[in-house]
Amino acid sequence: MNRSKLKTYAPNARRDFINAVSARAAKVGIGEKKIEPVHVQGEVAIIAGQAHPKRVAEQRAKLEARIGLRGYEQVMEEAAYTWFNRFAAIRYMELHGYLDHGYRVLSHPQGKATPEILEHAQHLDLPGLDAAKVLELKLDGTKDADLYRMLLLAQCNALYEAMPFLFERIDNETELLLPDNLLHSDSVINKMVNEIDESDWQEIEIIGWLYQFYISEKKDQVIGKVVKSEDIPAATQLFTPNWIVKYMVQNTLGAKWLATYPQSGIRAKMEYYIEPAEQTPEVNAKLAEITPSELNPEVITFLDPACGSGHILVEAYELLKEIYLERGYVLRDIPKLILEKNLFGLDIDDRAAQLACFALLMKARADDRRIFSRQTELAVMAIQESNGLDSQEVCTMMISDQASMENPNNNLFINSATRIINDTDIAVWVSRIIDKFSNAKTFGSLIEPDEDNVANFMKKVDAEIKAPDRNLSQYAMLSVIEKFRQLLRQLGIISGRFDCVVANPPYMGRQFQNDSIRDFLSLAYSEYKYDIYSAISTRMIGLCKDDGYLGFMTPFTWMSKSSYVSFRKRFINDVALLSLIQPEYHAFFDNAFVPICTFTARNTSIPGFCATFFDLGQFSGADIQSVKVLEGISDRKSKWVYHVQIERFSAIPSAQFAFSLPSRLLEAFKTREPIGQMAKKGITTGDNTIFMRLWFEVNMSKFSYFGGVKWYPITKGGQFRRWYGNFEYVIDWEDNGMRIKNFYDGYGKLKSSPRNIDYLFREGITWNDVTVSDFTARYVPKGHAFSAAGPMIFTNEIDKY
């Protein structure tokens, strides 16, 4: 796949689509600063002197309402993204032969300028297509643009039955924003066809990369700032490299299967599966105790709570298919089982969830040519907010005969609610659910259910939640009862416990979190609030069954930074870390700076478990990372592979995951006092420009190692250097540091911190307090002061140690 071409095409496509839908909005009188009035006369709507069919006025009213709620720019962005997704989906399907009529909709197999579907328009049988009108336009010979627009809308309606998540019925405001001039040589369709090679569409992975690159400019606009809720998807989306996806899926779902069936043939198909390290008899006994003797593929559940465009779910589909085949299932029966029983996904971004559903359905279509007609209900969705819902109105509609008559498909749901109204204070319960999801687009999978709510209500409408009306679309403008039903569906997922929970969660440090996120994390995830990824990773543990499997890709900051102590201790005390891979610092996304790690775990405590670590820090370059992982898997004695009992990290200060330390040194932490606890931090002057100089800048007659003058040598960190050196600075310590000790600001607050002055000028060892390089210690002769940036331990203390 030519990712460099995709990287160039997709951001340009975003601008083109936004311009195209904006131009279309202007054509019906809607601009960013002005909206033209509409005058309906009979069956005609007059807008800015132009006549349109009457239904345009109705569609435009809905579009105006959406703009009033979300803003013009946001609505144009969303519409552009929706049409981009639809055209990308049709392009993928036409190249794979998945369209029922067999004709290409966006291109021509012989490279002609006009799409193949135009040549065969009179032969098409698509929902709502007026055959007489088609023939009239085709015979006219000058109305190809109008005919093509009609065919595109009919094609979208035809795909609605199989993919309502992506192709709503095009009879609302979405139709208004279908771009014009689609047959022009520079149209958004022709650019998609001409700028992406057909060979790049062979793998469904292209959908994820298009999503990644489409939002890349938006990401650049919002990254490094406090992020608005609507910009969270763009700011946090990061497409997971394929080898990491395979590693996470194979060492969770695959590991679960192999634990029960160690002789399974799927082992040979899992190149990134890491065999557990050699364990003690006690650990092996514990593993045997928690491992089931048999597994039914139909009850294995796999969740990605931040699924994006579905890359992880697609890989899980492939492995589940192999498991089903091994158990003797017929291939054509497998896709529907996987999509409805095994795979679950959530995301806050509607467009990403659309693509995830589409990618899974395309994998299913490759295995079952009739999957589109099998009424398959995916459990992958975008979390929706409850804004605009009123609990009393919901309750009224659930028990209303009128509501039942208006939507007979809701009878089962309404009857269920009516049956339980006598034993549940339904109004209170519904109100709490509405409150729970009021900021769902901001908090996503971080939302936790109220257990009493789930126990007292949701189980009683379980059938309706799992199998909602097929004619409802979660992305449409939902009615009250339909919108509440969507809340119940997503509540059903966040209330669940799954066998495998795997994700590349969003990353956002506290300095970039908006007020609502910061307050929410402080309240609900106080120990994990410093980055969204640690909070969601913790939430993933709660979503996983006891003894279930977890897979993560996160920044590797949690392994050492003091703010993640609680997070580390979860993986020492409560959750058994199975394996971890730490790629080279810069080797990710074509050398972009994203320092990450990926790891898997078992959601149970297994004292004494020996985990496997891969340290790829010595291997530079994105392409070589997976190569070295595979080498380490085949040769467990590779120098970059370590086997460590996790409990050993407890003895290290702040429980840092220093897995590359030799066993002897790890053991020493249990019996010896850490150097950091022995060390003394020295002087902070409050303003080095006043109180420090380079040694050659001062009058040497006022410099001494032995006192009685103004300037004294001082160590203060400096560049990487072993054993000795970095004696570059001197400090004003005249009159025993009188000026530093009395350096106050205008409010009477002491700006300096003259620490440990009784230890000044002693012989000892120093190092750089902050460094991105290796730890290096340096000898300091008698006569030197020391700063906070260069801690010291002293000769007499070393002798004690």
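Note that the coordinates shown come from a computational prediction; the quantities given were computed from them, not determined experimentally. Chains are numbered independently. Their residues run from 1 in the order of the written sequence. In view of the model being predicted, local features appear only for residues whose pLDDT reaches at least 70, and side-chain atom pairs are presented and counted only at 80 or more, with totals across whole chains, interfaces and linings using the full set of residues. To obtain the side-chain values, all non-hydrogen atoms of the structure were included, while hydrogens and water were left out.

A. Region of the structure containing the overall build of the protein chain. In this description a helix means any DSSP run of H or I spanning at least four residues, a strand means any run of E spanning at least two, and both kinds are numbered starting from the N terminus. Broken down by element type, the protein chain carries 34 helices and 22 strands. Accessible area is worked out with a 1.4 Å probe on protein chains only. A residue is then buried under 20% of its type maximum, exposed over 50%, and partly exposed in between. For the protein chain, the proportion of its 801 residues judged to be buried stands at 55%. By definition, residues are in contact when any of their heavy atoms lie within 4.5 Å. At a minimum sequence separation of 6, the contacts of the protein chain that also span at least 24 residues come to 72%. Surface exposure here means Shrake-Rupley accessible area, sampled with a 1.4 Å probe, where a residue is shielded only by the protein chains that are shown. When the accessible area of the protein chain is evaluated, it comes to approximately 35500 Å², of which 49% is carbon and sulfur surface.

B. View of the packing of aromatic side chains. Only the six-membered ring of Trp is used, alongside the rings of Phe and Tyr, when aromatic pairs are assigned; centres must lie within 6.5 Å, and planes under 30 degrees apart are stacked while those over 60 apart are edge-to-face, with the rest tilted. Under the definition given, this model contains 34 aromatic pairs. Taken together, the aromatic side chains of Tyr-528, Phe-552, Trp-558, Phe-567, Phe-571, Phe-599, Phe-613, Tyr-642, Phe-649, Phe-657 and Phe-659 make up a single cluster linked through ring pairs. Whether a charge lies above a ring is judged from NZ of Lys or CZ of Arg, which has to be within 6 Å of the ring centre and within 35 degrees of the ring normal. Here the basic side chain of Arg-86 rests over the ring of Trp-83, its NZ or CZ set 4.8 Å away from the ring centre. Residue placement shows Arg-327 over the ring face of Tyr-261; its charged tip is 4.7 Å from the ring centre.

C. Highlighting the sheet that holds strand S5 (residues 343–347). Each pair of strands is called paired provided DSSP finds at least two bridges between the two strands. Taken together, the 9 strands give an open sheet; going across it, the order is S6-S5-S4-S7-S8-S10-S9-S11-S12, and neighbouring strands pair in mixed fashion. Looking along the sheet, the strands with just one partner apiece sit at the ends: strand S6 (379–382) and strand S12 (641–645). Across this sheet, the average inter-strand angle for adjacent strands is 15°, counted without regard to direction. As judged from the 3 bridges shared by strand S4 (residues 302–304) and S5, these two strands associate in the parallel manner. For Phe-302, the partnering residue across the bridge sits in S5 and is Leu-343. The convention used is that axes are lines fitted to C-alpha atoms, helices contributing only their stretch in contact, and that angles between N-to-C directions extend from 0 to 180 degrees.

D. Structural view of the state of the cysteines. The disulfide definition used here is simple: a pair of cysteine sulfur atoms within 2.5 Å. Taken as a whole, this structure holds 0 disulfides when the rule is applied. Residue Cys-357 stays outside any disulfide, its sulfur separated by 7.4 Å from that of Cys-307, the closest cysteine. As a non-bridged cysteine, Cys-500 has Cys-544 as the owner of its nearest cysteine sulfur, 7.1 Å distant.

E. The arrangement of empty space enclosed by the protein in detail. Detection works on a 1 Å grid of protein atoms alone, calling trapped sets that fit a 1.4 Å probe cavities and calling open sets with protein on both sides within 12 Å along at least five of seven lines pockets, with lining residues defined by an atom within 4 Å of a point. Grid points are joined across faces, edges and corners, and a volume is the space filled by probe spheres set on the points. All told, the structure shown has 3 cavities of 30 Å³ or more when counted by the stated rule. The space that makes up the largest cavity amounts to roughly 430 Å³. Along the walls of the largest cavity sit 33 residues, with Ala-306, Gly-308, Asp-347, Asn-504 and Pro-506 positioned nearest its centre. For the lining of the largest cavity, the secondary-structure elements that each account for two or more residues are helix H11 (232–236), helix H15 (311–326), S5, helix H22 (440–443) and helix H27 (532–543).

F. Region of the structure containing the sheet that holds strand S17 (residues 729–732). Pairing within the open sheet is mixed, and its 4 strands lie in the order S14-S17-S15-S21. Two strands bound the open sheet, and with one partner strand each, they are strand S14 (692–694) and strand S21 (785–786). Direction of pairing for strand S15 (residues 711–715) relative to S21: parallel, over a ladder of 2 bridges. Residue pairing for S21: Ile-714 is matched across the bridge by Ala-785.

G. Quick look at unusual backbone geometry. One non-glycine residue, Gln-375, adopts positive backbone phi at about 50°. For Gln-375, the location among the structural elements is in the loop between helix H17 (350–367) and S6. You can call Gln-375 partly exposed: its relative accessible area is 43%. Its identity is not glycine, yet Asn-736 carries a phi of approximately 55°, on the positive side. Relative to the elements of secondary structure, Asn-736 occurs in helix H33 (residues 734–741).

H. Here's a closer look at the nonpolar core. Phe-87, Met-163 and Phe-358 are the most contacted members of the largest nonpolar core, which totals 219 residues. Counting residues per element, this core draws most heavily on helix H3 (residues 72–96), which supplies 15 residues. Beyond its immediate chain neighbours, meaning those up to four positions away, Phe-87 contacts Phe-17, Leu-106, Leu-152, Leu-178, Leu-182, Val-188, Ile-189 and Met-192. In these notes, a set of buried Ala, Val, Leu, Ile, Met, Phe, Trp, Tyr and Cys residues joined through side-chain atoms within 4.5 Å is what counts as a nonpolar core. In this structure, Ile-683, Phe-691, Ile-714 and Phe-794 belong to the second largest nonpolar core, which totals 16 residues.

All we've got here are geometric facts, nothing functional implied.
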